[in-house]
Amino acid sequence: MLTLRQMRYFDALATARHFGRAAELAHVSQPALSAQIMEMEEHLGVKLVERSRAGTFLTAMGEEVLAQVRAILADVDRLEESARQRPGTLEGRLRLGVIPTLAPYLVPQLIPHLRQRYPSIEIELKESLTDRLIADLGEGRLDAVIAALPIDADGVVTRSLFSDRFFMAVADNDRTVLMSPLTEDQLDLSQLLLLEEGHCLRDQALAVCNTAGRRQLTSFGATSMATLLQMVANGMGMTLIPEIAVPSEAARNAIRIVPFAAPEPARDVGLVWRRSNPRRRDMDALAEAIVACARTVSTRAAAEAE
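Throughout what follows, the structure given in this document is the object of discussion. Given the structure is predicted, the values throughout are model-derived calculations rather than measurements.

**Digging into the overall build of the protein**
Secondary structure summary: the protein contains 10 helices and 11 strands in total. Only carbon and sulfur atoms are counted for the fraction: they give 49% of the accessible area of the protein, which is about 15,200 Å².

Set out below in structure tokens:
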């Protein structure tokens, strides 16, 4: 009979693509994991894994089985989570995903805030791009995601939390004259730096700036806001910075923060969770905590802007 243990071991192997690392993920010995995978193959009557000197690969049938296994495990996790529900708010495990342009600035405020008010909470964090987080949410690997709205996905609920205004960041010693408040016609698009493809902040920057000048825009393949702002501080150009990042990044980089003229461009930050998730009270409490922390950061950001 196919067992949940076998499916969890197979999921770990598909993630690690290496028997040793998969055993570590599953907290089991490598021989025990290998034996369970072999039993699973024998029971199904198909070869799931290809072992070679080059590495461990899933067969075509293995890839098909993996999709079904992960759907089953997600259902089991939801069942277990529902059974563990307690009368208290935000008790037990909360698996939270946060996009990279929010996590470094919001999380240091949010985690102490939650632990102080909800001492029984167990927080597991994952920082990744929006598409990956939403996929994990749909597969039951996350309970909620903090990201920029709108989110185009089936079976989810979104709640708008706060408006995160955009500013322009330039080097302190940059000779470019930017009048404050800044208007779009002052921008030299050839000097505008962007994050690499896949970051929602890149798309938002393109929306804020004149898309007719898109060919002039420069991408250095930067994977984080911190890296991009170090480039700015070293005179390599200018970039959009979200309000929530201003206090931290202005403190550690030699940059000048220039506000935009009204109507100020901004992104809508929201909380996303599965429609089937029974923890609506927890989601409401989490949303309120995020708003409170963002308000604190926003107050500090206002003092940094010109």
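Anyway, onward from the coordinates.
**Focus: the environment of threonine 56**
By the secondary structure assignment, threonine 56 is in strand β2 (residues 55-58). Distance from threonine 56 to leucine 13, taken between C-alpha atoms, is 8.6 Å for residues 43 residues apart in sequence. Discounting residues that sit within four places of it in the chain, threonine 56 has contacts with Leu13, Arg17, His18, Phe19, Val49 and Glu50.

**Side note on the pattern of salt bridges**
Applying the stated criterion to the full structure yields 18 salt bridges. A salt bridge links aspartate 164 to arginine 267, with the nearest nitrogen and oxygen atoms 3.0 Å apart. Here aspartate 164, found in strand β6 (residues 156-171), pairs with arginine 267, found in strand β11 (residues 266-274); they are 103 residues apart in sequence, far enough to count as distant. Residue aspartate 164 is classed as buried on the basis of its relative accessible area of 2%. Shared partners join several salt bridges into a network, and the residues in it are Asp11, Arg70, Lys126, Arg132, Asp136, Glu139 and Arg141.

**Quick notes on the environment of glutamate 243**
Relative to the helices and strands, glutamate 243 is located in the loop between β9 (239-242) and α9 (246-252). Between the C-alpha atoms of glutamate 243 and arginine 267, which are 24 residues apart in sequence, the distance is 9.8 Å.

**Quick notes on the pairing of strand β3 (residues 92-98)**
Most of β3 sits out of view: six of its seven residues are buried. In terms of strand pairing, β3 meets strand β4 (residues 121-127) through seven bridges, oriented parallel. From the neighbouring strand, valine 98 faces β4, where its bridge partner is glutamate 127. In the classification by handedness, the crossover that spans β3, the intervening helix α5 (residues 103-117) and the parallel β4 is right-handed.

Quick notes on the rules
- Residues numbered from 1 in each chain as written.
- Predicted model: local features only at pLDDT ≥ 70, side-chain atom pairs only at ≥ 80, totals over all residues.
- Heavy atoms only, no water.
- Helix = DSSP H or I, 4+ residues; strand = E, 2+ residues; numbered from the N terminus.
- Areas by Shrake-Rupley, 256 points an atom, 1.4 Å probe, with all protein chains shown as cover.
- Contact = heavy atoms within 4.5 Å.
- Salt bridge = Lys/Arg side-chain N within 4 Å of Asp/Glu carboxyl O.
- Buried < 20%, exposed > 50% of the residue type's maximum accessible area, 1.4 Å probe, protein only.
- Pairing = 2+ DSSP bridges.
- Right-handed = clockwise from strand over helix to strand, strands pointing away.

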